Amino acid sequence: MSITVVGTMAFDAIETPFDKTDKIIGGSATYVAYAASFFVQPIQQISIVGNDFPQDELEALQDRGVKTDGVEIVPDKKSFFWSGKYHLDMNSRDTLITDLNVLADFDPNVPDSYQDCDFLMLGNLVPAIQQKIINQFKQRPKLIVMDTMNFWIETAWEDLKKTFTMVDVLLVNDSEARQITNEYSLVKAAKKILTMGPKFLIVKKGEHGALLFHENNVFFAPAMPLDDVFDPTGAGDTFAGGFIGHLAKTKDISFENMKTAIIVGSAMASFCVEKFGPQRLKEISKEDIGNRLQEFVQLVNFDITLA
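The present account deals with the structure reproduced in this document.

Conventions used here
Residues numbered from 1 in each chain as written. Predicted model: local features only at pLDDT ≥ 70, side-chain atom pairs only at ≥ 80, totals over all residues. Heavy atoms only, no water. Helix = DSSP H or I, 4+ residues; strand = E, 2+ residues; numbered from the N terminus. Buried < 20%, exposed > 50% of the residue type's maximum accessible area, 1.4 Å probe, protein only. Pairing = 2+ DSSP bridges. Axes fitted to C-alpha atoms, helices over the stretch in contact; angles between N-to-C directions. Phe/Tyr/Trp six-rings, centres within 6.5 Å; stacked < 30°, edge-to-face > 60°. Lys NZ or Arg CZ within 6 Å of the ring centre and 35° of its normal. Salt bridge = Lys/Arg side-chain N within 4 Å of Asp/Glu carboxyl O. Parallel < 35°, antiparallel > 145°, perpendicular 65-115°, else oblique. Left-handed = near helix turned anticlockwise from the far one by under 90°. Contact = heavy atoms within 4.5 Å. Nonpolar A, V, L, I, M, F, W, Y, C, P; charged D, E, K, R; others polar.

Quick look at unusual backbone geometry now. Here the bond from glutamine 41 into proline 42 is cis, since omega is 5°, no more than 30 degrees from zero. Position of proline 42 among the secondary structure elements: in the loop between α1 (28–36) and β4 (43–49). One non-glycine residue, asparagine 182, adopts positive backbone phi at about 60°. Structurally, the position occupied by asparagine 182 is in the loop between α6 (174–181) and α7 (186–194). For asparagine 182, a relative accessible area of 71% puts it in the exposed group. The phi dihedral of lysine 251 is positive, around 55°, even though this residue is not glycine. Relative to the elements of secondary structure, lysine 251 occurs in the loop between α8 (235–250) and α9 (255–272).

If you want it as structure tokens, here you go:
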């Protein structure tokens, strides 16, 4: 079961209340690919980088079963760069620098070798680009998952609404769900969004977990309580990689299996925040993931006797 991932491969410079780093590897597609590669391979990457993107980082991804046929390398431009500073609560942040560089010219094409795609993960990109990718597949993937953000809600709403009708699963955070619907209640917001096209909705709530909605069903997955959150950058994309990776591995896109996939995604995200960038995802093993999943089981496991 192959996964195609579309998104950014970039540089980030991050400052938190506890530490800061100069340029490190980041980007939505990078995090998704590292997380998903633990569960299924190949990961078919579609992205764009400049002449400054390290060759050894491409090779590290390739060593994890990531195919880079769809990664365009622009020889005379630099890679996308983002710099941000997190507040003390580690949930809110200020963007300091956004240099689009090659991303301004991103016009992706799906390689012929990717046409066997079963699962498609559309990272947070211009909605028109997300549509273009979907339309290039000769046979629709078994499951299409998309991420988006407040910027596209504000600046590309009509395109975004059209993209909603083309996907199966939408990923947003709680503030974006409210922004889309003008509903404060997340349950009411979810009901409205599910009438816009997606069959499933995942509402990410950061350190407070995630909600899964489908028809009249709701499931809540907690986030792992951690002593220290070192860097939350990429946690949402890592969550998405774990989520779609589990679904592809099990070949099961039922609501019941998506409940498990959300727990897997939360477990992967809990690793991501332990170090800057994707470094922790490069270090962990499948055994580490299994142990972390057992911690999640214990986190929500209880016995009760009703009177």
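More follows now that the structure is in view.
Attention shifts here to the sheet that holds strand β6 (residues 81–86). The sheet built from four strands is open, its strands ordered β3-β2-β6-β7 with mixed pairing. This sheet does not close on itself; its edge strands, each paired only once, are β3 (24–26) and β7 (93–99). Averaged over all adjacent pairs, the angle separating strand axes in this sheet is 35°, with direction ignored. Pairing between strand β2 (residues 10–15) and β6: five bridges, direction parallel.

Under the criterion given, the structure shown has four aromatic pairs. Their ring planes at 45° and their centres at 6.0 Å tell us that phenylalanine 11 and phenylalanine 53 sit as a pair that is tilted. One end of the pair, phenylalanine 11, is in strand β2; the other, phenylalanine 53, is in the loop between β4 and α2 (55–63), and 42 residues separate them in sequence. Both residues of the pair, phenylalanine 11 and phenylalanine 53, count as buried. Judged by centre distance (4.9 Å) and plane angle (70°), the rings of phenylalanine 230 and phenylalanine 276 are edge-to-face. Linking phenylalanine 230 in the loop between β13 (217–221) and α8 with phenylalanine 276 in the loop between α9 and α10 (279–283), this pair joins segments that are 46 residues apart in sequence. Across from the ring centre of phenylalanine 11, 5.4 Å away, lies the NZ or CZ of lysine 23, which sits over that ring.

Applying the stated criterion to the full structure yields 15 salt bridges. Between glutamate 158 and lysine 161 there is a salt bridge, with the nearest N and O atoms lying 3.5 Å from each other. Of this pair, glutamate 158 and lysine 161 are both found in helix α5 (residues 157–164), three residues apart, which corresponds to roughly one turn of the helix. Owing to a relative accessible area of 56%, glutamate 158 belongs among the exposed residues under this scheme. With a relative accessible area of 33%, lysine 161 lands in the partly exposed category. A salt bridge links glutamate 274 to arginine 292, with the nearest nitrogen and oxygen atoms 3.1 Å apart. With glutamate 274 in the loop between α9 and α10 and arginine 292 in helix α11 (residues 286–300), this pair connects stretches of sequence that are 18 residues apart.

This brings us to the packing of α1 against α8. Close contact between α1 and α8 brings their axes to 7 Å; oriented N to C, the two are set at 40°. For the element pair α1 / α8, the angle class is oblique. Every pair of crossing elements has a handedness; the one defined by α1 and α8 is right-handed. Residue-level inspection shows Ser28, Tyr31, Val32, Ala35 and Ala36 of α1 in contact with α8, the latter providing Asp237, Thr238, Ala240, Gly241, Gly242 and Gly245. Its residues assigned to classes, the contact of α1 with α8 shows five nonpolar, five polar and one charged.

All right, on to the sheet that holds β13 then. Here nine strands make up an open sheet; going across it, the order is β5-β4-β1-β8-β9-β10-β11-β12-β13 and the pairing mixed. Only two strands of the sheet have a single neighbouring strand rather than two, namely β5 (66–73) and β13. Geometrically, the sheet is characterised by an average inter-axis angle of 15° between neighbouring strands, direction not taken into account. Two elements, β4 and β5, share six bridges in a ladder whose sense is parallel. Each bridged residue has a counterpart across the sheet, and for isoleucine 46 the counterpart in β5 is glycine 70. Lying over the sheet, α7 contacts β10 (169–173), β11 (200–204) and β12 (210–214), oriented at roughly 45° with respect to β12.

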